[in-house]
Amino acid sequence: MTGLLAATLAASLAAGCTTSDGPRDDSRGRSSSPAGDGESRAKGGSVLAVKIDNSRNARPHTGLNEADIVYVEPVEGGLSRLMAVYAQKLPKAVGPVRSARETDLELLRQFDRPTLAFSGAQGKLLPKIDKAPLEAAPPGKASTAYFRSKMRPSPHNLYLRPNQLMAEPPGASALTTGFRFGSAPAGGKPTTTQKVTYDAARYTFTWSRSQGRWLVGMDGKAAGTTDGKRVMAGTVVVQYVKVRKSTFHDKLGNYTPYTETVGSGKARVLRDGRAYDVTWKRPKASDGTTFTTNDGKRMNFQHGQVWVVFANAS
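Because the structure is a prediction, the values reported are computed rather than measured.

Peer 1: Whenever I open this one, the overall build of the protein confuses me. Can you help?
Peer 2: Along its length, the protein carries 3 helices and 21 strands. Burial analysis of the protein (314 residues in total) assigns 56% to the buried set. Expressed as a percentage of contacts within the protein between residues at least 6 apart in sequence, the contacts between residues at least 24 apart total 67%. Carbon together with sulfur atoms contributes 50% to the accessible area of the protein, which is approximately 13000 Å² in total.

Now the structure itself:
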C-alpha cells in the first residue's frame, strides 16, 4: 500500500524537486547542521511551513524527512499535528496537509515572513491569519500548489507541491530559530528511549547507534514515509510549555489547546544517545528560542533534522 501510494503521488506531480543548498541530514546518513556550526539567527529568505495531519489515517507521511525542523503540537481531542519547516531542501510533495491553529501564529513569528501552507482554519481564526506577518497559502489562494491523492479518503488526501509556492529553498540563513549546533556539551545521561504522551497520541524516540539518529515512533509504530524510509532526527527537544484552552473549538465542542511558546521553562534535549535537562527561553515572539545547560552554557544540537515536541509543563 505504501509503495502504491508513493507511486501515485509521484505520478500526480508535474514538477521536479528543487535542490538543496548544501549537504544536510534527511535520514539517509548525511550529517550537517541546518545553519552550520553556531547559531541559526542571521536574516535570510522566507521558510516554508506546512501543517501536516498526524492522525493514524494520515500515515505514512510524504516529504517529512526533508524538513529542517518538525514541531509537534497538541490539538483538540488529545491528538497532535505536525508543522514541518523547510529551508534547505524542498521535496516534490508534502502531506497530508491539514488546518492551521492559533498556536501557529506565535510560533511562526520567529521567522522572517514565512509562507504557511495549510488547508483551512476556524472561521474566526482566518482574519488573524490574514493579519499575521506571514504569507498564507491555503488551496483557495494557491490552488495549483495542491492536489488530492485517490489512494486515501478525504480529508487525509490533500498534498502540497512546494515548488509551486517558491522557486527554490531559501537556505539555512532563513532558520532564525536561535538553535545552536556543534559538539555535545559535557554531562547528560545515557538514554536509549524517550516517550511523550498526549491524551490520544504517543511519541517514542529510540536511539540508534548504527544510524547515529533517534528513530521516531508514533502510537507504538515506527514512523516512516511513503518512499519507504524511516523518520529519524539528529536532535529531539521535549519542550515543557504552558498549554491552555484557546477561544476556538471544533464542531463537537472540543476546544483547541493553545501552546505558549514565548516565555521560559524546562526542556529535555536528546542527542548522541544522551539526554540533557536544560532551560529554554524565548523573550518575545519575534525571538528564537535559546536552550541553556545547568552550568549556564548554550546547548548545542546535533547536526541534522530537529524535532521539537511541545509537552504540558503542568
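Peer 1: Honestly, unusual backbone geometry in this entry has me stumped. Any pointers?
Peer 2: The general pattern is negative phi for most residues beyond glycine and trans for most peptide bonds. Looking along the chain, the bond that leaves Arg59 and enters Pro60 is cis, with omega of 0°. Mapped onto the fold, Pro60 is located in the loop between β2 (48-52) and β3 (69-74). Residue Asp272 is not a glycine yet carries a positive backbone phi of 55°. With respect to the element layout, Asp272 can be found in the loop between β18 (263-271) and β19 (274-282).

Peer 1: Hey, could you run me through the nonpolar core in this one?
Peer 2: Where a protein is soluble and globular, its nonpolar side chains tend to be buried together. In this structure, Val50, Leu82, Tyr86, Tyr203, Phe205 and Trp307 are the most contacted members of the largest nonpolar core, which totals 39 residues. The set of elements that each furnish at least two residues to this core consists of β2, β3, β4 (80-86), β8 (158-160), β12 (202-208), β13 (213-218), β16 (235-249) and β21 (306-312).

Peer 1: Explanation requested: the pairing of β13 in the structure shown.
Peer 2: Consecutive residues of a regular strand have side chains that alternate between opposite faces of the sheet. Most of β13 is tucked away: 6 of the 6 residues are buried. Relative to β13, β12 runs antiparallel, the two sharing 6 bridges. When the sheet's bridge partners are listed, Trp207 is paired in β13 with Trp214. Hairpin remark: β12 followed by β13, antiparallel, with 4 residues in the connecting loop; positive phi at Gly212, about 65°. One ladder, built from 2 bridges, connects β13 with strand β15 (residues 232-233); its direction is antiparallel.

Thresholds applied
Residues numbered from 1 in each chain as written. Predicted model: local features only at pLDDT ≥ 70, side-chain atom pairs only at ≥ 80, totals over all residues. Heavy atoms only, no water. Helix = DSSP H or I, 4+ residues; strand = E, 2+ residues; numbered from the N terminus. Buried < 20%, exposed > 50% of the residue type's maximum accessible area, 1.4 Å probe, protein only. Contact = heavy atoms within 4.5 Å. Areas by Shrake-Rupley, 256 points an atom, 1.4 Å probe, with all protein chains shown as cover. Core = buried A, V, L, I, M, F, W, Y, C linked by side-chain atoms within 4.5 Å. Pairing = 2+ DSSP bridges.

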